[in-house]
Each structure stands twice: as C-alpha cells, then as structure tokens.
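Tertiary structure, described
Here is how the chains run, residue by residue.
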Amino acid sequence: RFFTHRGVDWRGRVSALYQNILSFRVVRGASTISEQVVRILRPRPRTLWARWIEGFEATKLEKKYGKEEILEFYLNQVPYAGNRRGIVQAARVYFNRDPDTLNKIEMLLLAYIVRAPGRLDPFKKQAELESRIKTLSSLLYENSQITGESNLEIQNSRLKLERAIFAGGMEHFVTYVHANR
C-alpha cells in the first residue's frame, strides 16, 4: 500500500499488533518504506517511542518528497546481508551481475529477501526461496499485479546464483581510512 498511505500504514500497524499479540511475541513489523527511509537516515534504538517518531518523520518526508523519490532512495540504500546496501550491490553479491541483467525471478528474489536478508540467505536456502518466490508470483498474478506471461516466466525459471569474488585484505585499508579521518 506504499502508493496509497501518507507515510504510516495504520491498517498494517493494527494488523501487525494483532498478530504479535496472538503469538505472544513479535512476529511481524509494520514499517512502511517511508519509515524505513527515515530509519536509514536517522538510525536510533528500536523502541516503541522511536517507532512513533519515525511515523511522524515519515509523514513529513512524504510531504517534502514524492513517492518515486522515496522509493528510489530506498532501493539504493536498503540494507542486505554482508553490509551491502542497495540493489546494485545485492545483484553483484548474489548474482555477480548488474541489476539490469537480472531476469524476473532474480529481481523478485532481491525484493523478497529485503524482509530479512540475514535470515533469507539465497546461498543457504535457494530451493526454499525459489518456492516462496514462485508462490508470491502466483499471488501477484491472481491479484493482477503482474501479467500471465511474467508469472509463467517466473514459474519456469530457476535462480542462478553466483558468488561475487572480492579482493581480500581490505580490512587494513578500512582501518587506515578510519584512523586518518
């Protein structure tokens, strides 16, 4: 509902609260993309009070910037595993390619694992994630969010993961940069 709310998804918050109460633990959050952008820009401890502040700041953010600008910033800064940020780095880490070379199932994977990139590691859970993505694709098709052709392409595709190869020894460079700021 990103394009319909004004920074805070109250229906999503109520639904998450209800699910968390029924489970006697936190099983779901309800941060909007705008609230996550606020959290990226102004990190703070994860408290109930901080969530309210993020909601107010997300509302202000949406008054100042358009949805497309907020979404673009989010996609360029969203955290993935391994201290990687944004879909460009994620595409390189998981597929060793640039985002514009990814097929639909690979793009959907990047969108899906944003929820919990540390827990949803494609290298460890490839078959499970492939199955989940295909289920998601079917739901998107049933809700007219993607075409039948796109759904069929995803259903008939497999993830082709390829670990990116990074040069070693960078920890010395990072230590040097931090020491000489």
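Residues numbered from 1 in each chain as written. Predicted model: local features only at pLDDT ≥ 70, side-chain atom pairs only at ≥ 80, totals over all residues. Heavy atoms only, no water.

1. What to know about the side chain of glutamate 106
Cut-off, in case you're wondering: Helix numbering and strand numbering both begin at the N terminus, where a helix is a DSSP run of H or I of at least 4 residues and a strand a DSSP run of E of at least 2. To sort residues, take the accessible area from a 1.4 Å probe on protein chains only and compare it with the maximum for the residue type: under 20% means buried, over 50% means exposed, and anything in between is partly exposed. In protein, a polar contact means a hydrogen-donor-capable atom and an acceptor-capable atom, both N or O and within 3.5 Å, with residues adjacent in sequence counting only if both atoms are side-chain atoms; elsewhere, any N or O pair within 3.5 Å suffices.
Position of glutamate 106 relative to the elements: it lies in helix H6 (residues 104–113). Overall, the relative accessible area of 1% leaves glutamate 106 in the buried class. Polar contacts involving the side chain of glutamate 106 include one to the side chain of arginine 97, which spans 2.5 Å. From its side chain, glutamate 106 meets the backbone nitrogen of asparagine 103 in a polar contact 2.9 Å long.

2. Quick look at the packing of aromatic side chains
Centre distance and the angle of the planes are the two values used to describe a pair of aromatic rings. The following threshold applies: Two aromatic rings, drawn from Phe, Tyr or Trp (for Trp, its six-membered ring), form a pair once their centres lie within 6.5 Å of each other, and the interplanar angle then sorts them: stacked below 30 degrees, edge-to-face above 60, tilted otherwise. Over a ring means this: the NZ of a Lys or the CZ of an Arg is within 6 Å of the ring centre and within 35 degrees of the ring normal.
Within the structure shown, the criterion is met by 3 aromatic pairs. Here the aromatic rings of tryptophan 10 and tryptophan 52 are separated by 5.7 Å at their centres, their planes lie at 35°, and the arrangement is tilted. Of this pair, tryptophan 10 sits in helix H1 (residues 10–23) while tryptophan 52 sits in helix H3 (residues 48–64), and the two are 42 residues apart along the sequence. Relative accessible area serves as the criterion here: at 48%, tryptophan 10 is assigned to the partly exposed category. Tryptophan 52 gets classed as partly exposed once you look at its relative accessible area, which sits at 36%. Sitting over the ring of phenylalanine 123, arginine 163 keeps its end group 3.9 Å from the ring centre.

3. Quick word on helix H7 (residues 126–142)
Cut-off, in case you're wondering: Here a helix's expected span is defined as the number of its residues, less one, multiplied by 1.5 Å. Note that the arc is computed from the directions linking the helix axis to the C-beta atoms. Contacts are assigned to residue pairs that have any heavy atoms within 4.5 Å of one another.
The end-to-end C-alpha separation of H7 is 24 Å, in line with the 24 Å expected for 17 residues at 1.5 Å each. Looking at H7, one finds that the buried residues are Leu129, Glu130, Ile133, Lys134 and Ser137. The arc that holds every buried residue of H7, seen down its axis, measures 140°, which confines them to one face. On the buried face of H7, the contacting elements are H6 and helix H8 (148–155). The positive-phi residue at the C-terminal boundary of H7 is serine 144, with phi of around 60°.

4. Description of the environment of tyrosine 94
You can see tyrosine 94 is positioned in helix H5 (residues 86–95). Of the residues examined, tyrosine 94 reaches a relative accessible area of 3% and is grouped as buried. Measuring from C-alpha to C-alpha, the distance between tyrosine 94 and phenylalanine 123 comes to 7.9 Å, with 29 residues separating the pair along the chain. Beyond its immediate stretch of four places on either side in the chain, tyrosine 94 contacts Tyr80, Ala81, Leu110, Ile113, Pro122, Phe123, Leu161 and Glu162.

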